[in-house]
Amino acid sequence: MAASCVKPLTLLFFPVIFFCLSMASSPPRHSCTDGPVIPTTPLLSFLTKLQAAALRTYGPSNFDPKLYVDLPLKFDLSTVEQAFDELPKLGNRSIPATQLQAFLDRYMGEAGSDLVVANPPDFVTEPSGFLPKVQNEVVRKWALEVHALWKNLSRRVSDEVKKNSNLHTLLPVPGPVVVPGSRFREVYYWDSYWVIRGLLASKMYETAKSIVDNLLSLLDEYGHVLNGARIYYANRSQPPLLSSMILEIYKKTGDLALVKRAFPSLLKEHQFWTSGIHNLTIQDANGCIRSMSRYFAKWNQPRPEGATTDEKTASQLSTASERDLLYRELASTAESGWDFSTRWMSNHSDLTTLATTSILPVDLNAYILKMELDLAFFAKILCNKSAAEKFSALSKLRKEGLDTIFWNAKKGQWFDYWTSKNATCQTSQGVHKWQEHNQNQNIFASNFIPLWIELFHSDHSRAKEVMKSLQSSGLLQPAGIATSLTNSGRQWDFPNGWAPLQHMIVEGLARSGLTELKLLAEDIATKWIKTNYATYKKTGDMHEKFDVQECGQFGGGGFYKPQTGFGWSNGVVLAFLEEFGWPQDRSINC
């Protein structure tokens, strides 16, 4: 999209350590239990104590630990804490249920009450030009019902939070947001990309921009976009897709002012993901030293939103240092968005073997490549030549890293790369020497995510290899793409399929321009749309995840019951219908 030049922005230049050399041997790898930790707050300390007491009182059946860290206080913390400490305790340290309930009614507000319903100003019942390729009236009627869910999921922070933020774990973001749904009562980072794709299909451009502005406010305040807009998420981020959100909005609206406003913040995010604890240095098979990225949370305690669950998992370990390491791995896995999966575990039956901080994830590095390509494009339209050249060069180097570290030509996939266990403090001072056997050759949907990036799907030879590998992988199921081939009971494993993974792989196939790949993309999208429709008709809800073994089944597994709403599922259905349409004579039924 053409744009007139605006005054170039001043670019912050960060050190880059991609270079090539020959090394006789790699230096010793670091191994330590230390790492940065975001300090907790007195409010979080109290709420996790309340959470533990509630579990002892009510028991584990249908217990959701997140509920208790989302409760707002009605009085100052010292008053509430004193009243809590005065509650009678039984022999097992539980509180009589009637007494605890009376305390909650008297001193705590309801979870979610710190957000109020917001009416999106750009919502109309049937937008002009909505899904023009959808010719089937049954599908169009349902698509309009999905579109209407944006009203149900639109929220704004209450005035009370802005007035007394110390009584809330909710962060006072400035504008309206779209929440995922159910227990997820706040805006989330990577969910928002697919929410925005759906909003753009719904012609709700101002709502999409508001979400971006809220995420930018978190980035400016904390130095990274938080996992979600709660104080207990300050220790980690999520897959970095903010530049992709802004690019999609720009492509639809041509809003250069948004790009200009966001660009300095995006530079900060790039630094966050490419330096310090998120950076690992590796010598690839060609002798080139490459700086690649990993997930690494600034946390070594039970996650407040799941403290009782994390403590139970860690109770299997014998020492405090082992438990601290596990807590960091649990939080770092949550930063990946894939919480939890055998993808991160050295022993697929034992969650305590999580090793996320020692893994270079192929999809994370693909997202950062996308970020660098986006930043080069933004710099170009902002007439910032030096920044455009810098990020073009960085994207070229990261693409080379994806080729030499993750790509496996024999398998036709990109694989995660495992470094040494407990190399949690390794930065650019320590260099890991690439070895092929350290590629994790287990099958995960993430192995195909780089196809989403134009540099890969425009390479027709590579795209055909990836398509053949996907077709023979076992991931293609009757109702979509499975997350893995391992049925572990973890929610980011078989038989669950997730909307964002379907979308990225399908969009990569479709945008290759190759007929065979586009047909496969449409087939996967059609199956995904059908299972969403059938489940919606059966349950009255859109769901967070789906069982892809059979059309019309929502997913399960994990530490919480299946959720409905649901932001990214709604967004992907609308995006698929916008891309592929629905012929009049094609049945929507399973």
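Every value quoted in this text rests on a predicted model; they were computed, and no experiment measured them. (Residues numbered from 1 in each chain as written. Predicted model: local features only at pLDDT ≥ 70, side-chain atom pairs only at ≥ 80, totals over all residues. Heavy atoms only, no water.)

S.K.: Help me get a handle on the overall build of the chain, residues and values and all.
M.R.: A tally of helices and strands in the chain yields 19 helices and 15 strands. For the chain, the C-alpha radius of gyration of 24 Å lies close to 25 Å, the compact-globule estimate for 590 residues. Over its C-alpha atoms, taken along the principal directions, the chain stretches across nearly 70 × 65 × 50 Å. A sequence separation of at least 24 residues applies to 75% of the contacts in the chain between residues at least 6 apart. (Helix = DSSP H or I, 4+ residues; strand = E, 2+ residues; numbered from the N terminus. Rg over C-alpha atoms; globule rule 2.2 N^0.38 Å. Contact = heavy atoms within 4.5 Å.)

S.K.: Tell me what's going on with the pattern of salt bridges, and back it up with residues and numbers.
M.R.: Across all of its chains, the model carries 36 salt bridges by this definition. A salt bridge links Arg-290 to Glu-400; the nearest nitrogen and oxygen atoms lie 3.2 Å apart. Of this pair, Arg-290 sits in strand S6 (residues 288–293) while Glu-400 sits in helix H14 (residues 385–406), and the two are 110 residues apart along the sequence. Arg-290 gets classed as buried once you look at its relative accessible area, which sits at 4%. For Asp-523, the salt bridge identified is with Lys-527, shortest N-O distance 3.2 Å. A residue pair is termed a helical-turn pair when its members lie 3 or 4 positions apart in one helix, as Asp-523 and Lys-527 do in helix H18 (residues 515–539) at four residues. Take Asp-523: its relative accessible area is 36%, and that puts it in the partly exposed class. For Lys-527, a relative accessible area of 29% gives the class partly exposed. (Salt bridge = Lys/Arg side-chain N within 4 Å of Asp/Glu carboxyl O. Buried < 20%, exposed > 50% of the residue type's maximum accessible area, 1.4 Å probe, protein only.)

S.K.: Tell me what's going on with the state of the cysteines, and back it up with residues and numbers.
M.R.: In this structure the tally under the stated criterion is one disulfide. Each disulfide pairs two cysteine sulfurs, and for Cys-551 the partner residue is Cys-590, the sulfurs being separated by 1.9 Å. Negative torsions about the S-S bond denote left-handed disulfides, and the value of about -65° found for Cys-551 with Cys-590 makes this one left-handed. You can see Cys-551 sitting in the loop between strand S15 (545–547) and helix H19 (567–580) and its partner Cys-590 sitting in the segment after H19, a full 39 residues away along the chain. A relative accessible area of 59% means that Cys-590 is categorised as exposed. (Disulfide = S-S within 2.5 Å.)

S.K.: Lay out the environment of Val-134 in plain terms, naming residues and giving numbers.
M.R.: Its place among the elements puts Val-134 in the loop between strand S2 (115–117) and helix H5 (137–153). Since its relative accessible area comes to 4%, Val-134 is described here as buried. In contact with Val-134, not counting residues within four places along its chain, are Val-139, Arg-140, Leu-577, Gly-581 and Trp-582.

S.K.: Tell me about the pairing of strand S5 (residues 279–283), residues and numbers included.
M.R.: Here S5 lies mainly inside the structure; five of its five residues are buried. Taking every second residue as pointing to the same face, both faces of S5 are buried, with Asn-279, Thr-281 and Gln-283 on one and Leu-280 and Ile-282 on the other. Pairing of S5 with S6 involves five bridges; the strand directions are antiparallel. Across the sheet, residue Asn-279 finds its bridge partner in S6, namely Ser-293. Between S5 and the antiparallel strand that follows it, S6, lie four residues; Gly-287 among them carries a positive phi value of about 85°. (Pairing = 2+ DSSP bridges.)

S.K.: Describe the nonpolar core, with residues and values.
M.R.: Within the largest apolar cluster, 181 residues are counted, with the highest numbers of intra-cluster contacts made by Leu-50, Phe-103, Met-108, Leu-242 and Leu-509. Among the elements that line this core, the one with the most residues is helix H13 (residues 362–381), at twelve residues. Apart from the residues within four sequence positions on either side, Phe-103 is in contact with Phe-46, Leu-50, Val-80, Ala-83, Phe-84, Leu-87 and Met-108. (Core = buried A, V, L, I, M, F, W, Y, C linked by side-chain atoms within 4.5 Å.)

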